[in-house]
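Read off the chains here:
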Amino acid sequence: MCKCGICGNIENNTLYVVKEMMFGYKDQFKYFKCPLCGCLQILNIPENLDKYYPSNYYSYGIFSGHTSLQSKITDFLLSQVLKSRISHYCFWGEIACLYKSLYADYFSGVSGAYLNYNSKVLDIGCGAGKLLLKMKKCGFKYLEGIDPYLKEDIKYINGVCVYKKDIYQLDKTYDFIMLHHSFEHMPEPKKVFEKLSTILSVNGMIMLRVPLVDSYAWRKYGIDWFQIDAPRHLFLHTVKSINILAQNNGLKILRTVYDSRANQFIQSEKYMRDIAIANDSDIFTSREISTFKKSADLLNSLKDGDQACFYLIKE
Ligand SMILES: [Zn+2]
């Protein structure tokens, strides 16, 4: 029996069979979609889930102090965007937003939070802590990350700590909690939201970035939509399912920013052609890719992109 992990509905769920295509194992997994809250979810979590997080899975390499000129420039731009978002107008921050719209999207909702450089920041599912290290360079003092898939804890010399932990092992409170595409990997989203509401400080903010199944890309590509990412993505949410989780835990969505990218077309088209994402072959011309980028921007403006950032606060 399929019981929705968000709203508990058991009737008229639609079944889908989805293939693993990031690494090209092509193993098949059953998912079902709830007609009430719209959430698409895996029917059974595979016991051997570790198999699908091999060592070359991105974001687990420890970062050295060496950075290229290009990454120094992007670090500077990010620091200026953050400065303008959390404090006041910053000339370079505004320029950086124009130059790199991704940054503008990234922290655009932060201005509604009581966020400052002394805020206690937590990144859940942070990998080796790349973003935390960038935020450290921006001036944030208290930065912590957790990721259960790490080999071991990492304590960077600059004070940033990244722990091999899951969310249930946390007992402090935090002012700014980030989940950058980690929530969809977690079983029991209801329990995760319960925990989030207890570790969020009174005036704190949660920044939740997830793929969205109530999107053009799902309607166009269906089981070939690359963000299903079977079997790693266990829950593919809708605005409605996130709202249900928030309301049931004394939280509310303050703002939603759609930040989908050209990947929704490029990678889903590869799925359709049975080409693994790990296969780097270019199947599109630069002109086609530029059209995909424009389409992603348009979908974001129409609130129909395949991912978004939700800014949540306590009610
Ligand atoms: Zn449901």
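The structure reproduced in this document is the subject of the present report. Note that this is a predicted model, so its numbers are computed, not measured. Starting from 1, residues in each chain are numbered consecutively following that chain's sequence as written. Note on the predicted model: pLDDT of at least 70 is required for a residue's local features to be given, and 80 or more for side-chain atom pairs to be given and counted; whole-chain, interface and lining totals, by contrast, use all residues. Side-chain metrics in this entry use all non-hydrogen atoms of the structure; hydrogen atoms and water are not considered.

Concerning the sheet that holds strand E2 (residues 28-33)
- Spatial strand order, E1-E2-E3-E10: four strands in an open sheet with antiparallel pairing. If you trace the sheet from one side to the other, it starts and ends with strand E1 (14-19) and strand E10 (235-236), each paired once. Only strands that DSSP links by at least two bridges are regarded as paired with each other. Elements are defined by DSSP. Helices are runs of H or I of four residues or more, strands are runs of E of two residues or more, and each kind is numbered from the N terminus.

Quick word on the pattern of salt bridges
- Salt bridges are defined by distance alone: a side-chain nitrogen of Lys or Arg within 4 Å of a carboxyl oxygen of Asp or Glu. Counted under the stated rule, the structure contains ten salt bridges.
- The salt bridge partner of Asp27 is Lys51, with a shortest N-O separation of 2.8 Å. With Asp27 in the loop between E1 and E2 and Lys51 in the loop between strand E3 (40-42) and helix H1 (69-86), this residue pair connects regions lying 24 residues apart in the sequence.
- For each residue, the accessible area found with a 1.4 Å probe, counting protein chains only, is set against the maximum for its type, and the residue is called buried under 20%, exposed over 50%, and partly exposed in between. By relative accessible area, which is 23% here, Asp27 ends up partly exposed.
- The residue Asp229 makes a salt bridge to Arg232 at a minimum N-O spacing of 2.8 Å.
- Here Asp229 falls in the buried class, since its relative accessible area comes to 6%.

Observations concerning the packing of aromatic side chains
- Note on ring pairs: Phe, Tyr and Trp rings are taken, using the six-membered ring of Trp, and paired if centres are within 6.5 Å. Classes follow the plane angle, with under 30 degrees stacked, over 60 edge-to-face and the rest tilted. One pass over the structure, following the stated rule, counts eleven aromatic pairs.
- Ring geometry for Tyr53 and Tyr149: centres 4.2 Å apart, planes at 20 degrees, overall stacked. Placement of Tyr53 in the loop between E3 and H1 and of Tyr149 in the loop between strand E5 (142-146) and strand E6 (154-155) is noted, with a sequence separation of 96 residues between them.
- Judged by centre distance (5.3 Å) and plane angle (15 degrees), the ring pair of Phe265 and Phe292 falls under stacked. Here the residue Phe265 occupies a position in helix H8 (residues 263-272), and Phe292 occupies one in helix H9 (residues 286-301), the gap between them amounting to 27 residues.
- Connected via pairs of aromatic rings, a cluster forms that spans Phe23, Tyr25, Phe29 and Tyr52.
- Above the plane of the ring of Tyr168 lies Lys191, whose end atom (NZ or CZ) is 4.9 Å from the centre. Think of it as a cone above the ring: NZ of Lys or CZ of Arg counts as a charge over the ring if it is within 6 Å of the ring centre and within 35 degrees of the ring normal.

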